[in-house]
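Topology and contacts: notes
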Amino acid sequence: MVVIKNVLREELENSLRMRKRYEEELAKLPKGSLVARRIKGHTYYYLVLREKGAFKSVYQGKSVARKELQRYAEAKEFRAKYRKALSQIKRQIRYLQGALRGKEAI
Amino acid sequence: MEKKQYDLCREVLRRLSNEAVLDRFILVGSWCVVLYADCFKGRGLLPAIRTRDLEFLVRIPPSYRRKTDLCELLRDLGFVIDYKGEEGYMILEHPDLILEFLVPARGRESGKPFRIDALGINAQPLRFMDLLARNPIRVPFHDVEVTIPHPANFALQKLLIARRRKQQGKAVKDRGQAVAILRALRDSGESGRISAVYRSITASWQRTIRRELAALGEEGLLDLRNGPGNPT
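Note that this is a predicted model, so its numbers are computed, not measured.

Here the focus is the overall build of chain B. Looking only at helices and strands, chain B has eight helices and nine strands in total. Each of the three principal axes of chain B carries a C-alpha extent, and together these read 55 × 40 × 35 Å. The buried share of chain B, reckoned over its 232 residues, is 52%. If you take every contact in chain B between residues at least 6 apart in sequence, the share linking residues at least 24 apart comes to 66%. Just so you have it, chain B exposes about 10,900 Å², and 47% of that area is on carbon and sulfur atoms.

Take the nonpolar core next. The nonpolar side chains of a soluble globular protein tend to be buried, and buried together. Core analysis: the largest hydrophobic core is formed by 70 residues, its most contacted members being Phe25(B), Phe56(B), Leu99(B) and Phe101(B). Considering every element that reaches this core, the biggest residue donor is helix H5 (residues 151–162) of chain B, with seven residues. Non-local contacts of Phe25(B), meaning those with residues more than four positions away in its chain, are made with Leu16(B), Phe56(B), Leu57(B), Val58(B), Tyr64(B), Leu70(B), Phe101(B), Leu119(B) and Thr147(B). By size, the runner-up hydrophobic cluster in this structure holds 17 residues, among which are Met18(A), Ile93(A), Leu100(A) and Val80(B).

What follows covers the pairing of strand E9 (residues 144–148) of chain B. Residues and elements named next belong to chain B. Within E9, four of the five residues are buried, which leaves it mostly tucked inside the rest of the structure. Relative to E9, strand E8 (residues 137–141) runs antiparallel, the two sharing five bridges. Paired with Pro140 across the strands is Glu145, a residue of E9. Between E8 and the antiparallel strand that follows it, E9, lie two residues; His142 among them carries a positive phi value of about 55°.

All names here are of chain B. The buried count for strand E4 (residues 89–94) comes to six of six residues, which makes it a mostly enclosed element. Burial of the side chains of E4 extends over both faces: Tyr89, Ile91 and Glu93 are buried on one face and Met90, Leu92 and His94 on the other. Sheet topology note: the strand E3 (residues 80–84)/E4 ladder contains five bridges and is antiparallel. Of the residues in E4, the one forming a bridge with Tyr83 is Met90. Count of turn residues in the E3/E4 antiparallel hairpin: four residues, of which Gly85 carries a positive phi of about 70°. Looking at chain direction, E4 and strand E5 (residues 97–104) are connected through four bridges and run antiparallel. Within E5, the residue paired with Ile91 across the bridge is Glu100.

Together, Lys84(A), Lys90(A), Arg91(A), Arg94(A) and Lys4(B) make up a region of like positive charge exposed at the surface. The dominant element in the positive patch, judged by the number of residues it contributes, is helix H2 (residues 66–100) of chain A, at four residues. Structurally, Arg91(A) is set in helix H2. Judged by its relative accessible area of 47%, Arg91(A) is partly exposed.

What follows covers the pattern of salt bridges. Within this structure, the stated rule accounts for 30 salt bridges over all chains. One salt bridge connects Glu10(A) with Lys170(B), and the closest N-O pair in it is separated by 3.6 Å. Separated into two different chains, Glu10(A) in helix H1 (residues 2–28) and Lys170(B) in helix H6 (residues 168–187) make up a pair that spans both. Notably, a salt bridge pairs Asp23(B) with Arg138(B), separated by 3.9 Å at the nearest N-O pair. Of this pair, Asp23(B) sits in the loop between helix H1 (3–18) and strand E1 (25–28) while Arg138(B) sits in strand E8, and the two are 115 residues apart along the sequence. Of the residues examined, Arg138(B) reaches a relative accessible area of 43% and is grouped as partly exposed. Three or more residues are tied together by salt bridges with common partners; here these are Arg17(A), Lys20(A), Arg21(A), Glu24(A), Glu25(A), Lys28(A), Asp82(B) and Glu93(B).

Here we take up the side chain of Gln206(B). Residue and element names in this part refer to chain B. Here Gln206 is to be found in helix H8 (residues 203–216). Within the local environment of Gln206, its side chain forms a polar contact with the backbone oxygen of Ile201, the two atoms lying 3.5 Å apart. In contact with Gln206, not counting residues within four places along its chain, are Tyr198, Arg199 and Ile201.

This paragraph deals with the packing of H1(A) against H6(B). Between H1(A) and H6(B), the shortest axis-to-axis distance is 8 Å and the interhelical angle comes to 120°. Relative to H6(B), the element H1(A) lies oblique. Once H1(A) is placed against H6(B), the crossing between them reads as left-handed. Counted together, Val2(A), Val3(A), Asn6(A), Val7(A) and Glu10(A) of H1(A) and Gln168(B), Gly169(B), Lys170(B), Val172(B) and Lys173(B) of H6(B) form the full contact between these two elements.

Conventions we followed
- Residues numbered from 1 in each chain as written.
- Chains lettered and ligands numbered in written order.
- Predicted model: local features only at pLDDT ≥ 70, side-chain atom pairs only at ≥ 80, totals over all residues.
- Heavy atoms only, no water.
- Helix = DSSP H or I, 4+ residues; strand = E, 2+ residues; numbered from the N terminus.
- Buried < 20%, exposed > 50% of the residue type's maximum accessible area, 1.4 Å probe, protein only.
- Contact = heavy atoms within 4.5 Å.
- Areas by Shrake-Rupley, 256 points an atom, 1.4 Å probe, with all protein chains shown as cover.
- Core = buried A, V, L, I, M, F, W, Y, C linked by side-chain atoms within 4.5 Å.
- Pairing = 2+ DSSP bridges.
- Patch = residues over 30% accessible without salt bridge, like charges linked within 9 Å, V, L, I, M, F, W, Y side chains within 5 Å.
- Salt bridge = Lys/Arg side-chain N within 4 Å of Asp/Glu carboxyl O.
- Lys, Arg positive; Asp, Glu negative; His and termini not counted.
- Charge placed at Lys NZ, Arg CZ, Asp CG, Glu CD.
- Polar contact = N/O pair within 3.5 Å; in protein donor to acceptor, adjacent residues only side chain to side chain.
- Axes fitted to C-alpha atoms, helices over the stretch in contact; angles between N-to-C directions.
- Parallel < 35°, antiparallel > 145°, perpendicular 65-115°, else oblique.
- Left-handed = near helix turned anticlockwise from the far one by under 90°.

Structure below.
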């Protein structure tokens, strides 16, 4: 029994630490997403994001550096990955806390 | 074993193998028991209860043909870098797997992380790791070959570290794994291998192992009747 409890406790510590790390990584990513809009045959770039719960679209110009486009594309990809990871970690935390919250002292 | 975790482990090993990094690593820790269980099929060795840690012992000197940024190599799988303990040992974390890097501790214990610039990581120096690096074996793990410690070395190392554990639960787990593996070796007719490893280690380590086995009532697992070096 002591082995199982020890493993569960260690895993809970791991998940709590991981939650913090993934939240930090998410905060580091550039906010919003760069989108290209076709208006009357011309392409215009906008940064779309949510601020204080409201949708916002900020004009970026007729062209954006390829590096910048890549940066936002990568951020979008990692944001999705990290959010998925975070949701999995939160489920783990709930499960582990529940498992450790028995009648016996832990 | 959870399929997602198993698949991620496979992918990590495959990538390390493609970069010729895996050859310099020895997989240690509880994942070895999973692989031993395959080797000792039908001998009653069950995969151990374990955490998500996937621990690699890095052979030193860590000579690599070219630089490989391990963090970048695994980043798209969703791994993030974190640092453990006061000394800042690097770990790569994922909700399903935590990668840790270890090296044998040499000389006085400083506890400082061992830098491996060629891989862009640091490793934690630990005692008794040398024993795991002696006579390693190679076993297939799907499409790659993984180097793991010989089961006899693994089991005796577990007995050596059990007493040093601060957490009682970990010590119990170490002893349980050691005894299960030693029994599986004995039942496979490989007691001679246990004796050979036992005879290769220092007298003080031998004493610790004898003491541990005696406390567990398992002295019989150390069959030293054949050959020199019987304990007094």
